[in-house]
Amino acid sequence: QESLLGKGNWDIFQASLRHAAANDSGTFGYKINARYSENGEYEIDESTALQTGGQLLEKASGYNVDATLYFRPSSDFEVTAQAGITGREGISWSEFYAEAFENNQNHFFNVKIKNGNLSAQYSFSQSESPFDVEDQGFYYRTTPRTTFKNTNDFSESQAQVQYDLSVGSTDISVGLEHKLGIFNTNWPVGASPDTQSQGGIFGRNDETGSEFRIYGTYFQTNTSISDD
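Residues numbered from 1 in each chain as written. Predicted model: local features only at pLDDT ≥ 70, side-chain atom pairs only at ≥ 80, totals over all residues. Heavy atoms only, no water.

Quick notes on the overall build of the protein chain
And step 1. Within the protein chain, the regular secondary structure consists of one helix and ten strands.
And step 2. Its helices and strands in sequence order give the protein chain the pattern β-β-α-β-β-β-β-β-β-β-β, from N to C terminus.
And step 3. Residues counted as buried form 26% of the 228 residues belonging to the protein chain.
And step 4. A sequence separation of at least 24 residues applies to 55% of the contacts in the protein chain between residues at least 6 apart.
And step 5. When the accessible area of the protein chain is evaluated, it comes to approximately 15300 Å², of which 52% is carbon and sulfur surface. (Helix = DSSP H or I, 4+ residues; strand = E, 2+ residues; numbered from the N terminus. Buried < 20%, exposed > 50% of the residue type's maximum accessible area, 1.4 Å probe, protein only. Contact = heavy atoms within 4.5 Å. Areas by Shrake-Rupley, 256 points an atom, 1.4 Å probe, with all protein chains shown as cover.)

Focus on the packing of aromatic side chains
And step 1. As enumerated under the stated definition, the model contains two aromatic pairs in all.
And step 2. Pairing F71 with F77 gives two aromatic rings, centres 6.4 Å apart and planes at 85 degrees, and the pair type is edge-to-face. (Phe/Tyr/Trp six-rings, centres within 6.5 Å; stacked < 30°, edge-to-face > 60°.)

A short note on the pairing of strand β9 (residues 170-184)
And step 1. In the sheet, strand β8 (residues 153-167) pairs with β9 via 15 bridges, with the strands oriented antiparallel. Bridging across to β9, S155 finds its partner in I182. (Pairing = 2+ DSSP bridges.)

Remarks on the side chain of S119
And step 1. With respect to the helices and strands, the residue S119 is situated in strand β6 (residues 118-128).
And step 2. Leaving out residues up to four positions away in the same chain, S119 has contacts with I113, K114, Q160, V161 and Q162.

Considerations on the environment of H19
And step 1. Counting through the fold element by element, H19 comes out in strand β1 (residues 12-22).
And step 2. Assessed through its relative accessible area of 39%, H19 is described here as partly exposed.
And step 3. Dropping the residues within four chain positions of it, H19 is found in contact with Y30, K31 and I32.

What about the confidence of the model for the protein chain?
And step 1. This prediction gives the protein chain a mean pLDDT of 79; 64% of its residues lie at or above 70.
And step 2. Scored below 50 in pLDDT, residues 195-199 shows eight contacts in the model against residues more than four places distant or in partner chains. (pLDDT = per-residue confidence, 0-100.)

Comments concerning the environment of T27
And step 1. Along the chain, the position of T27 falls in the loop between β1 and β2 (28-39).
And step 2. Residue T27 is classed as partly exposed on the basis of its relative accessible area of 23%.
And step 3. Distance in space between the C-alpha atoms of T27 and F71 is 5.6 Å, their sequence separation being 44 residues.
And step 4. In this structure the side chain of T27 is engaged in a polar contact, spanning 2.8 Å, whose partner is the side chain of N23.
And step 5. Engagement of the side chain of T27 in a polar contact is seen with the side chain of S25, the distance being 3.2 Å. (Polar contact = N/O pair within 3.5 Å; in protein donor to acceptor, adjacent residues only side chain to side chain.)

Side note on a nonpolar patch on the surface
And step 1. Taken together, L118, V161, Y163 and L176 make up a surface patch of nonpolar side chains, about 370 Å² in accessible area.
And step 2. Relative to the elements of secondary structure, Y163 occurs in strand β8. (Patch = residues over 30% accessible without salt bridge, like charges linked within 9 Å, V, L, I, M, F, W, Y side chains within 5 Å. Salt bridge = Lys/Arg side-chain N within 4 Å of Asp/Glu carboxyl O.)

Considerations on the side chain of N64
And step 1. Relative to the assigned elements, N64 resides in strand β3 (residues 60-74).
And step 2. Take N64: its relative accessible area is 19%, and that puts it in the buried class.
And step 3. A polar side-chain atom of N64 sits 2.9 Å from a polar atom in the side chain of T86.
And step 4. If we ignore the near neighbours within four places in the chain, the residues touching N64 are N33, A34, R35, I85, T86 and F108.

What to know about the environment of T86
And step 1. Inspection of the secondary structure assignment puts T86 in strand β4 (residues 77-94).
And step 2. For T86 and G62, which are 24 residues apart along the polypeptide, the C-alpha to C-alpha distance reads 7.6 Å.
And step 3. Contacts of T86, omitting those with residues within four sequence positions, involve Y63, N64, N104, Q105, N106 and F108.

Below, the structure written as C-alpha cells:
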C-alpha cells in the first residue's frame, strides 16, 4: 500500500490475433501474430507528485505485430524469414533508478537459409526512442522529467555461415560469424564536449554513433569411437 506502484487501477485489456496457413504440398506457409494490451491509470499521493513532477502515467500500452514466411521447395532447401515491430509506452522498473516512464519501438528482422550442408542466418534489431522531447522516457525519482531523458537508440545485427560435412565417423562443422552493435545516446546540439555537462553516455562520439564489431570463426569435430 505504501509503495509508489501499490495503488491505482491494475485492470488490463488485451487482444491478440494469430493466423497461419500453408499450401497443400507444404512447400510454402506463413504466420501472422498481432497483440495489443493496455492498463489503467496509476495513482500517487500529492507529496510524491511534488517530487516526481506529477502523475506517473495516464495509461500504459504495448503492441506487437510480426509475420513469418516459410519456404521449403525440397527436403534439402529451406528458407525462413521473420519481421516485426514492438512498441511500449508505460511504467518500467530499474534496480538503480526505480520507476521510469518507458517509450520506445523495436523493429526486428531475421532470415535463415539451409541448402544441403550449408546454412546461413542473419538477424537485425533496432530500438528507437521518440524524437519529440515530451514523448521521451525519463526516471521519476532521480531527477525532474525536464533534465534527464533515457533516449538511448541502438541497433544490433548478426550474421553466421556454417558448413557441415562427414568424413567416416567424424562430423565436421566450420563457421564464420560477424556481430555489430551501434549505440547512440542522442548527444544534444550545443552540449559541451569538454565538460560533458549535458548529453548521453558516449558524449562527443554520439555524432556518428559508437560501433562495436566482433568477428569470429570456429571449427568443430565430433567423432564416434564406437557404436556405443
